[in-house]
Amino acid sequence: MIRSKFATSVHILSLLGSSPEEWMSSDFIAGSLNSNPAMVRKEISMLREAGLVESKEGKNGGARLAKPMADIRLSEIFALVKNDHIFGFSPNEPNPSCPVGARIKDGLDGLFTELDDAVARKLHGVSLAEFIKKYL
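Note that the structure is a prediction, hence the values are computed from the model and not measured.

A separate point is the layout of surface pockets. In this approach a probe as big as a water molecule rolls over the atoms, and the regions it shows empty are the leftover space. If you add up the space inside the largest pocket, you get close to 280 Å³. When residues of the lining of the largest pocket are traced back to their parent elements, those giving at least two are helix H2 (26–33), helix H3 (37–49), strand E1 (53–56) and strand E2 (62–65). Element by element, the count of residues in the lining of the largest pocket is highest for H3, at 3 residues. Each residue belonging to the lining of the largest pocket can be placed in one class, and the counts come to 3 nonpolar, 6 polar and 6 charged.

Encoded structure:
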């Protein structure tokens, strides 16, 4: 789930960054995402609570960036959507009587934490402005 939420949030912020002074409707954003406006409003709400987006209701309402693209780090977005490790654990509980099964979760948890930290460090080095310039 992290992958899709991160991609969705970066997509929304990149779209808002393409016209930073314009208020974009959830319908317009949903069209770019090929999604539905209700899902977009939910994501915008999360981004607004984090101080990345501002929004207003009404006929001329919508959303726009709350701060310059150069001040938005991709690591901020990652931290918003990450509620667990990037990689998940097996849905089956390992056998505690097995020497591997008894320790595998702790071992993977340590590895996954290192990977999460490495991803966060990499993303911290990239602003939304740099991402847009390089990839879009």
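Still more ground to cover, so stick around.
Attention shifts here to the packing of H2 against H3. With their axes 8 Å apart at the nearest point, H2 and H3 run at an angle of 105° to one another. Looking at the two axes, H2 sits roughly perpendicular to H3. For the pair H2 and H3, the contacting residues are Ser 26, Asp 27, Ile 29, Ala 30 and Leu 33 in the first and Pro 37, Met 39, Val 40, Arg 41 and Ile 44 in the second.

With a phi close to 55°, Asn 34 is a non-glycine residue in the positive phi region. In this fold, Asn 34 is placed in the loop between H2 and H3.

Another aspect to go through is the confidence of the model for the protein chain. Summary statistics for the protein chain give a mean pLDDT of 93 and a share of 98% for residues scoring 70 or more. Put simply, helix H1 (residues 2–18) is where the protein chain has its lowest mean pLDDT, 91, and E2 is where it has its highest, 97.

About the thresholds
- Residues numbered from 1 in each chain as written.
- Predicted model: local features only at pLDDT ≥ 70, side-chain atom pairs only at ≥ 80, totals over all residues.
- Heavy atoms only, no water.
- 1 Å grid on protein atoms, 1.4 Å probe; cavity = no way out; pocket = protein on both sides within 12 Å on 5 of 7 lines; lining within 4 Å.
- Points joined across faces, edges and corners; volume = space filled by probe spheres on them.
- Helix = DSSP H or I, 4+ residues; strand = E, 2+ residues; numbered from the N terminus.
- Nonpolar A, V, L, I, M, F, W, Y, C, P; charged D, E, K, R; others polar.
- Axes fitted to C-alpha atoms, helices over the stretch in contact; angles between N-to-C directions.
- Parallel < 35°, antiparallel > 145°, perpendicular 65-115°, else oblique.
- Contact = heavy atoms within 4.5 Å.
- pLDDT = per-residue confidence, 0-100.

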